[in-house]
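Chain residues, written in single-letter form:
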Amino acid sequence: MNNIFINVNNLNDLLTAKNEYGKKAKILAGGTDLVVRMKNKMMDPEVIISIRKVDELKGIHSKKNDLIIGSLTTHSEIEENSSIKKNYYPLFQAVYSLGSPQIRNLGTIGGNIGNASPSGDTIPPLYIMDAKIKLMSKNGERIVDIKNFFKGPGKTILKDDEIIHSIIIPKGRWTKKISGFYKVGKRNALAIGVVSVAWIIKEDTIRFSFGGVSPTISTTEIKKNANKKKVEKEVLKAISPIDDIRGSKNYRRDVILNIVEKIKNDNP
Amino acid sequence: MEIRLKVNGEWKTIDVSSKETLLQVLREKLHLMGTKEGCGKGECGACTVILDGRPVPSCIVIAATIDGSEVVTVEGLTPNEGLNPIQNGLIEAGGVQCGFCTPGFVVSGTDFFKKKDKFTISELKRALSGNLCRCTGYKKILDGMLIAAKKMGKEIKDE
Ligand SMILES: Cc1cc2nc3c(=O)[nH]c(=O)nc-3n(C[C@H](O)[C@H](O)[C@H](O)COP(=O)(O)OP(=O)(O)OC[C@H]3O[C@@H](n4cnc5c(N)ncnc54)[C@H](O)[C@@H]3O)c2cc1C
Ligand code: FES
Ligand code: FES
């Protein structure tokens, strides 16, 4: 198909274009997901709205109670932000290990969320930090919990005229000492062979979120002093891994259990 | 549609078709053959160019979406006479075998040293980690980069 490309230069034009074309139009941010899909003939949108120049969607801003990350902020920009490295460590580790330097320079956090892959690396960290997502359309805006944003692999609650404006993370001190992100399996363009875990310690409890082992991200809390059996029970309640060409259900389950056990042992 | 791109310092007006990638425009319309196509899906780094100040895979950038941007290719990093220190270093160390990956490494390496006067070996390795080579085993590429770093007066820090 001969796609129609629309380059918008500001937020207002973007919202107007999305309002006009609705379902027919796909947003292109960095394009590291969308363009690869188009080249693989998995997708061929009629209208493509390129948002590269929409400055209102870029950058990391510190507000009184929240840290705001514009949807068009690249993984490299997040990785280079000193406050994210210090106080939002699981997110730092996720973008640090995402793709390659070239992919991090192009790919955005909004695209990672918009893509709604069960193994999108930024999503487990955003889950355990209780992030919210600000959505916008010509007709207004709404803020939703990230936990309510995903409906399944590739599926979100975004309406046809809506865009992801920004990610809102309540201010916190999730430092290297008490939190982290761990991923197993090498990621390439379209493979979803990875299992990922983000974790945060809160007093005597460790909060976990898991990527790649359920249709969307799953979470659980485990007491530090829980025995192996109890841990296994809690984790298995949270996840629903599947068999596919990249890994079996049992493999995914065992990897998750081992990572959880390791994190627990490292943080007695 | 028509787009304007600043390529290696010069503004160009280019007529691009739907889905045409930046890589295709560079090679087929501007005849800049230094940039190579390996995997065509963002995984190998052979097509790396600097887009608005950052190395990116040009094979997954749609030209129609980057109107007004600035692009630097390996040709733009090569002096009119001779070669740049990284190119010379790679030759000296034997870091070029078939040479298909070399332009991508030159672009990533140049960008790294442009932004850093002091560096650790792991920082350098990380900056090159998006470039794949099927021939050299990487050791000689790294050696070539280190020869270049020395020539450019860069300082290696301890890890
Ligand atoms: C070689 C390679 C390696 C990769 N490695 C990883 C990896 O290790 N981990 C990982 O998580 N991902 C990886 N990816 C996938 C991809 O790079 C990331 O998901 C990236 O964050 C996508 O961002 P983007 O801006 O490029 O998205 P795009 O491709 O531009 O968009 C992706 C989707 O989100 C939608 N979208 C984008 N922005 C918005 C917005 N503001 N509002 C509404 N919808 C929007 C688009 O319409 C599209 O459906 C890899 C990709 C490649 C090619
Ligand atoms: S050809 Fe572009 S990354 Fe391989
Ligand atoms: S020299 Fe042949 S791929 Fe690197």
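Worth saying up front: this structure is predicted, and the values here are computed from it rather than measured. (Residues numbered from 1 in each chain as written. Chains lettered and ligands numbered in written order. Predicted model: local features only at pLDDT ≥ 70, side-chain atom pairs only at ≥ 80, totals over all residues. Heavy atoms only, no water.)

S.K.: If you had to explain the domain arrangement of chain A to someone new, which residues and values would you point to?
M.R.: Each domain of chain A was delimited in the assignment, giving domain 1 (4–50), domain 2 (56–170) and domain 3 (179–266). Relative to domain 3 of chain A, the C-alpha centre of domain 1 of chain A lies at a distance of 34 Å. (Domains from an automatic or database assignment.)

S.K.: Outline the packing of aromatic side chains, listing residues and values.
M.R.: Evaluated as defined, the whole model comprises 9 aromatic pairs over all chains. Ring-pair connections join several aromatic residues into one group, and the members of that group are Tyr89(A), Phe92(A) and Tyr96(A). Above the plane of the ring of Tyr96(A) lies Arg126(B), whose end atom (NZ or CZ) is 3.5 Å from the centre. (Phe/Tyr/Trp six-rings, centres within 6.5 Å; stacked < 30°, edge-to-face > 60°. Lys NZ or Arg CZ within 6 Å of the ring centre and 35° of its normal.)

S.K.: Mind laying out unusual backbone geometry, listing which residues take part and the relevant values?
M.R.: Residue and element names in this part refer to chain B. Backbone geometry places Lys19, a non-glycine residue, at a positive phi of 75°. Summarising the element assignment, Lys19 is placed in the loop between strand 2 (10–15) and helix 1 (22–29). For Lys19, a relative accessible area of 29% translates into the label partly exposed. Positive phi outside glycine occurs at Tyr138, with the angle close to 75°. A relative accessible area of 35% places Tyr138 in the partly exposed class. (Helix = DSSP H or I, 4+ residues; strand = E, 2+ residues; numbered from the N terminus. Buried < 20%, exposed > 50% of the residue type's maximum accessible area, 1.4 Å probe, protein only.)

S.K.: Quick one: what's the story with the sheet that holds strand 1 (residues 4–7) of chain A, residue by residue and with numbers?
M.R.: Residues and elements named next belong to chain A. The strand order 1-3-2 describes an open sheet built from 3 strands, whose pairing is parallel. Bordering the open sheet on either side are strand 1 and strand 2 (25–28), each of which pairs with just one other strand. Each strand axis lies, on average, 25° off the axis of its neighbour in the sheet, ignoring direction. Alignment of strand 2 against strand 3 (residues 47–50), held across 4 bridges, turns out to be parallel. Looking across to strand 3, one finds that Leu28 is bridged to Ser50. (Pairing = 2+ DSSP bridges. Axes fitted to C-alpha atoms, helices over the stretch in contact; angles between N-to-C directions.)

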